[in-house]
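Here is how the chains run, residue by residue.
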Amino acid sequence: MAELQEVQITEEKPLLPGQTPEAAKTHSVETPYGSVTFTVYGTPKPKRPAIFTYHDVGLNYKSCFQPLFQFGDMQEIIQNFVRVHVDAPGMEEGAPVFPLGYQYPSLDQLADMIPCILQYLNFSTIIGIGVGAGAYVLSRYALNHPDTVEGLVLINIDPNAKGWMDWAAHKLTGLTSSVAEMILGHLFSQEELSRNSELIQKYRNIVTHAPNLENIELYWNSYNNRRDLNFERGGDITLKCPVMLVVGDQAPHEDAVVECNSKLDPTQTSFLKMADSGGQPQLTQPGKLTEAIKYFLQGMGYMASSCMTRLSRSRTASLTSAASIDGSRSRSRTLSQSSESGTLSSGPPGHTMEVSC
């Protein structure tokens, strides 16, 4: 492994009363498939995994996850975990454009970079949070290294390879749309793009005017050339850790996430469909997603009930935990929220969490 480059930085962000700036260390490490950059916040906690994030196409770790991790209630989580934010190669801020003909890693190879990161940091286990392409990368890593992944929060995951019809549609779209427009259509629903809200304008500008747009196109091509994860309920190829699948209603990837939910172990999987959240719930509904993540972590035994926010204080809230099998943590979490009362009610294992905001 090559020498590690390390830079001390402090990220600018709004602080809560009494909160001090959170120090961050950005590293760049060589792997068999090229260099990868990641940023570490906090210090390792004894007997706790690291929170490990991986962003979607067209974004980097800041533009993908900052609204979620800066949300006030999220501070209860991040003070209890060290976290690692990975930037896919060439996606980090200030990244130079790759030379013409550069062979960008496949999503499988991006997953194979993760052990190099964990080896350097001396981290043994993670809880992964991934969006889109990043959700795929973390899932592939979890399939290859199940003993190192304690849980996964997968937003907008599409575990399927593109079929012939998908390829034809993609090629036709490419004749009339720019790469930036196609990526925006991947990130957001057509309704969101048509409304052109302030958020959409911000991210349209981020993608369209990205100085590393050529690099982004390479990541985009790798995503479109992904292999099928071949999940099979009851089969050998499945995620063995607790999983929370997240998607917004009417989001571009809603059908894919629903299908993914049908292929995973229902006693290990929760499905959160968020109303009024669009294509990127971590950007549009960070509060609701934070509360769901807290429940997910509580089900894994990492968040005490005293740390929970108003959802846990509701007398109607409940969390169903399945019995442990052979000493491993095997739990299911099922929540549903009424759009009328705003309260939570319990449900049978493996069903959908529907959050109306």
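Everything quoted here is computed from the prediction, not taken from an experiment. (Residues numbered from 1 in each chain as written. Predicted model: local features only at pLDDT ≥ 70, side-chain atom pairs only at ≥ 80, totals over all residues. Heavy atoms only, no water.)

Below, the discussion takes up the packing of helix 3 (residues 107-121) against helix 4 (residues 133-144). When two helices pack together, their arrangement is captured by the angle between the axes and the distance separating the axes. For the pair helix 3 and helix 4, interaxial distance at closest approach is 8 Å and the crossing angle is 65 degrees. Considering the angle they form, helix 3 stands roughly perpendicular to helix 4. For the pair helix 3 and helix 4, the sense of crossing is right-handed. Contact with helix 3, carried on its side by Leu107, Asp108, Leu110, Ala111, Asp112, Ile114, Pro115 and Leu118, involves Ala133, Tyr136, Val137, Leu138, Arg140, Tyr141 and Asn144 of helix 4 and no other residues of that element. Residue composition of the contact of helix 3 with helix 4, grouped by class: 11 nonpolar, one polar and three charged. (Axes fitted to C-alpha atoms, helices over the stretch in contact; angles between N-to-C directions. Helix = DSSP H or I, 4+ residues; strand = E, 2+ residues; numbered from the N terminus. Parallel < 35°, antiparallel > 145°, perpendicular 65-115°, else oblique. Left-handed = near helix turned anticlockwise from the far one by under 90°. Contact = heavy atoms within 4.5 Å. Nonpolar A, V, L, I, M, F, W, Y, C, P; charged D, E, K, R; others polar.)

Moving on to helix 4. Its 12 residues place the ends of helix 4 17 Å apart at the C-alpha level, agreeing with the 16 Å of an ideal helix rising 1.5 Å per residue. Of all 12 residues in helix 4, 10 are buried; the element is thus mostly enclosed. Buried residues of helix 4: Ala133, Gly134, Ala135, Tyr136, Val137, Leu138, Ser139, Arg140, Tyr141 and Ala142, and no others. Where helix 4 is buried, its residues meet strand 4 (50-54), helix 3, strand 6 (126-131), strand 7 (149-155) and helix 9 (213-224). (Expected span 1.5 Å × (residues − 1). Buried < 20%, exposed > 50% of the residue type's maximum accessible area, 1.4 Å probe, protein only.)

What follows deals with the confidence of the model for the protein. Confidence in the prediction for the protein averages 82 pLDDT; 75% of positions are at 70 or higher. Note that residues 1-18 has pLDDT below 50 and, in this model, 44 contacts with residues that lie over four places away or in other chains. (pLDDT = per-residue confidence, 0-100.)

So, about unusual backbone geometry. A positive phi is found at Asn156, a non-glycine position, where the angle reads about 60 degrees. Backbone geometry places Asn230, a non-glycine residue, at a positive phi of 60 degrees. Mapping Asn230 onto the fold places it in the loop between helix 9 and strand 8 (243-248). We classify Asn230 as partly exposed; its relative accessible area is 44%.

The next subject is the environment of Glu291. Counting through the fold element by element, Glu291 comes out in helix 12 (residues 286-299). Sequence separation between Glu291 and Asp73 is 218 residues; the distance between their C-alpha atoms is 7.9 Å.

Between side chains of opposite charge, a pair can form when the charged atoms approach closely. Enumeration over the complete set of coordinates arrives at eight salt bridges. Here Lys62 ties to Glu93 by a salt bridge, and the two come within 3.6 Å at their closest N and O atoms. Taken as a pair, Lys62 in helix 1 (residues 61-69) and Glu93 in the loop between strand 5 (83-87) and helix 3 lie far apart in primary sequence, 31 residues in all. Judged by its relative accessible area of 56%, Glu93 falls in the exposed class. A salt bridge links Asp108 to Arg227, with the nearest nitrogen and oxygen atoms 2.6 Å apart. You can see Asp108 sitting in helix 3 and its partner Arg227 sitting in the loop between helix 9 and strand 8, a full 119 residues away along the chain. Among the residues examined, Asp108 registers a relative accessible area of 15% and is labelled buried. Judged by relative accessible area, Arg227 falls into the partly exposed class, the value being 49%. Put simply, Asp108, Arg140 and Arg227 are held in one network by salt bridges that share partners. (Salt bridge = Lys/Arg side-chain N within 4 Å of Asp/Glu carboxyl O.)

Let us look at the nonpolar core. Core analysis: the largest hydrophobic core is formed by 91 residues, its most contacted members being Phe52, Val84, Ile117, Leu152, Tyr219, Leu245 and Ile293. The element best represented in this core is helix 3, accounting for eight residues. (Core = buried A, V, L, I, M, F, W, Y, C linked by side-chain atoms within 4.5 Å.)

Within the secondary structure, Gln285 sits in the loop between helix 11 (281-284) and helix 12. Under the relative-accessibility criterion, Gln285 is labelled buried at 16%. Only 3.3 Å separates the side chain of Gln285 from the backbone oxygen of Asp276, close enough to count as a polar contact. (Polar contact = N/O pair within 3.5 Å; in protein donor to acceptor, adjacent residues only side chain to side chain.)

If you trace the backbone, Ala275 turns up in the loop between strand 9 (269-274) and helix 11. What makes Ala275 buried here is its relative accessible area of 15%. Residues Ala275 and Val247, 28 residues apart in the sequence, show an inter-C-alpha distance of 9.0 Å.

What follows covers the packing of aromatic side chains. Counted under the stated rule, the structure contains eight aromatic pairs. Their ring planes at 80 degrees and their centres at 5.9 Å tell us that Phe81 and Tyr302 sit as a pair that is edge-to-face. In this pair, Phe81 is assigned in the loop between helix 2 (75-78) and strand 5 and Tyr302 in the loop between helix 12 and helix 13 (310-313), connecting sequence segments 221 residues apart. Pair check on accessibility: Phe81 and Tyr302 agree, each one buried. On the basis of an interplanar angle of 40 degrees and a centroid distance of 6.1 Å, the ring pair of Tyr104 and Tyr219 is categorised as tilted. (Phe/Tyr/Trp six-rings, centres within 6.5 Å; stacked < 30°, edge-to-face > 60°.)

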